[in-house]
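# Coordinate inspection notes
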Amino acid sequence: MKLATALSNRADLQGRLNALETRLVANAKVQEGEKPDENPMELIAEKDRIIAELENLISKINLTNSKTESDGMTITEMLAKRDCLKTDIKIMRNFLSSSSAKMNRYSRTEIIIRSTVNVAELQKKVDALCKELREIDEKIQELNWTTELI
C-alpha cells in the first residue's frame, strides 16, 4: 500500500470514530421503558476495532515517515518543517497586516502613526517562505504517492 493510501485510510478511520462518538453519545441515555436506537455495547466494540486498526496504521505511517529520506531529510523532518513554515507565515502575515494598516488622520494636529518595519522588505521574505512551503509540500505529496508503507 502506498503512503498516500494509508493517509487516506487514516482520515477515513478518524472520521468513522468521530461519527461513532456522536452515535454513542446519542444512545447513552433513554427514557425509562424505551430502548436506544443502537446498542451502545455494539458501538463500543466497533469503536475498539477501529481504534486498534487506527493505532496499527498510524504506527506504520510514522515508521515509514521516519525511514523515508529525500534530499537529506526524512518525511518526518519535512512534515515538521512544513508545520513550522505554516506557523511562521501566519504570524508574519498578521504582523505585516497590522504594520501596513493605514491610519486616517482627520486633521494635521493628530498624531502620525508609522510602521516600525519595512513592510515591503518583510513581505518579500514572507513570499520566499511561501515558496519554500509550496516546494516542501509538493515533495511530501510526491513521496506520499511513491513510497510503499512499511
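Source: prediction; values computed, not measured.

### Quick word on helix 3 (residues 75-100)
- Over its 26 residues, helix 3 runs 36 Å from end to end, which matches the ideal 38 Å to within 8%, given 1.5 Å per residue.
- Taken as a whole, helix 3 has its buried residues at Ile75, Met78, Arg82, Leu85, Ile89, Leu96 and Ser99.
- As for helix 3, its buried residues are in contact with helix 1 (3-26), helix 2 (40-67), strand 1 (69-70), strand 2 (73-74) and helix 4 (119-146).

### Let's talk about the nonpolar core
- Counting residues in each nonpolar core, the largest one holds 26 residues, and the members touching the most others are Leu3, Leu57, Ile61, Ile89, Ile136 and Leu149.
- Going through the elements one at a time, helix 1, helix 2, helix 3 and helix 4 are the ones with two or more residues in this core.
- Per-element tally for this core: the top contributor is helix 4, with eight residues.
- For Ile61, the residues in contact, after removing those within four places along its chain, are Leu3, Ala6, Leu7, Arg10 and Leu149.

### Digging into the side chain of Asn65
- Here Asn65 lies in helix 2.
- Take Asn65: its relative accessible area is 6%, and that puts it in the buried class.
- With residues up to four places along the chain from it excluded, the contact list for Asn65 reads Leu3, Thr74, Ile75, Thr76 and Leu79.

### Observations concerning the packing of helix 2 against helix 3
- In the contact formed by helix 2 and helix 3, the axes pass within 5 Å of each other and the chain directions differ by 95 degrees. By the angle between their axes, helix 2 is roughly perpendicular relative to helix 3. Residues Asn62, Asn65 and Ser66 of helix 2 touch helix 3, and the partners they reach there are Ile75, Thr76 and Leu79.
- Of the residues that constitute the contact of helix 2 with helix 3, the class distribution is two nonpolar, four polar and no charged.

### With respect to helix 4
- Look at helix 4: 40 Å from first C-alpha to last across 28 residues, which is about the 40 Å you get at 1.5 Å a residue.
- Buried residues of helix 4: Leu122, Val126, Leu129, Cys130, Leu133, Ile136, Ile140, Leu143 and Asn144, and no others.
- Where helix 4 is buried, its residues meet helix 1, strand 1 and helix 3.
- Two to three positions downstream of the cap, the backbone nitrogen of Ala120 sits 3.2 Å from a side-chain oxygen, assigning the N-cap of helix 4 to Asn118.

Rules of the game
- Residues numbered from 1 in each chain as written.
- Predicted model: local features only at pLDDT ≥ 70, side-chain atom pairs only at ≥ 80, totals over all residues.
- Heavy atoms only, no water.
- Helix = DSSP H or I, 4+ residues; strand = E, 2+ residues; numbered from the N terminus.
- Expected span 1.5 Å × (residues − 1).
- Buried < 20%, exposed > 50% of the residue type's maximum accessible area, 1.4 Å probe, protein only.
- Contact = heavy atoms within 4.5 Å.
- Core = buried A, V, L, I, M, F, W, Y, C linked by side-chain atoms within 4.5 Å.
- Axes fitted to C-alpha atoms, helices over the stretch in contact; angles between N-to-C directions.
- Parallel < 35°, antiparallel > 145°, perpendicular 65-115°, else oblique.
- Nonpolar A, V, L, I, M, F, W, Y, C, P; charged D, E, K, R; others polar.
- Polar contact = N/O pair within 3.5 Å; in protein donor to acceptor, adjacent residues only side chain to side chain.

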